[in-house]
Amino acid sequence: MESSYLTVDFFRRQQLETEKQEKGHNPSGPNMDRYSEMHLRRIGSNVSGYISMICETLRNTILKAVVYCQVREAKRSLLNHFYAQIGRREKAQLGTMLDEEPALMEKRQAIAKRLELYKSARDEIDSVSWK
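Let me sum up the structure you'll find in this document. (Residues numbered from 1 in each chain as written. Predicted model: local features only at pLDDT ≥ 70, side-chain atom pairs only at ≥ 80, totals over all residues. Heavy atoms only, no water.)

**Points about the overall build of the protein**
In step 1: Along its length, the protein carries 4 helices and 0 strands.
In step 2: Counting from the amino terminus, the protein carries its helices and strands in the arrangement α-α-α-α.
In step 3: Total accessible area on the protein stands at roughly 12000 Å², and carbon and sulfur atoms take up 59% of it. (Helix = DSSP H or I, 4+ residues; strand = E, 2+ residues; numbered from the N terminus. Areas by Shrake-Rupley, 256 points an atom, 1.4 Å probe, with all protein chains shown as cover.)

This is the structure we're talking about:
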């Protein structure tokens, strides 16, 4: 992405290209207007180069964005499918899939039960204190 930033080199290349074009063209007299045809051509060349660079950057960026959105959606779909498959399993099957030690499984279940008790106690305290 950083390669698409405007740098001094972009404008130096533009300047060199316009100087190469101008070498074959001589101004028509000493009273040359400040905004001569070559000066306006240089401005047009700079603007044209800038616009072409922006169009190229957009072409690359839009393709990357489309692919990113497709990958993100596919990832979300696969995760939803995976969670649905795991959710259908019984506790015993999940225990064997996780390959937990029985002591660790009991500890986890006890902590989950304690959490539920804490939540119900909090809800009771909240219901009493707001009345």
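**Things to note about helix H2 (residues 37-87)**
In step 1: Between its first and last C-alpha atoms H2 spans 74 Å; for 51 residues at 1.5 Å apiece the expected length is 75 Å, and the two agree.
In step 2: Within the sequence span of H2, burial applies to Met38, Ser45, Gly49, Met53 and Thr57. (Expected span 1.5 Å × (residues − 1). Buried < 20%, exposed > 50% of the residue type's maximum accessible area, 1.4 Å probe, protein only.)

**Concerning a nonpolar patch on the surface**
In step 1: A cluster of nonpolar side chains, contributed by Leu40, Ile43, Val47, Tyr50, Ile51, Ile54, Leu58, Ile62 and Val66, occupies part of the molecular surface with about 770 Å² of accessible area.
In step 2: Inspection of the secondary structure puts Val47 in helix H2.
In step 3: In this structure Val47 comes out as partly exposed when scored by relative accessible area, which is 43%. (Patch = residues over 30% accessible without salt bridge, like charges linked within 9 Å, V, L, I, M, F, W, Y side chains within 5 Å. Salt bridge = Lys/Arg side-chain N within 4 Å of Asp/Glu carboxyl O.)

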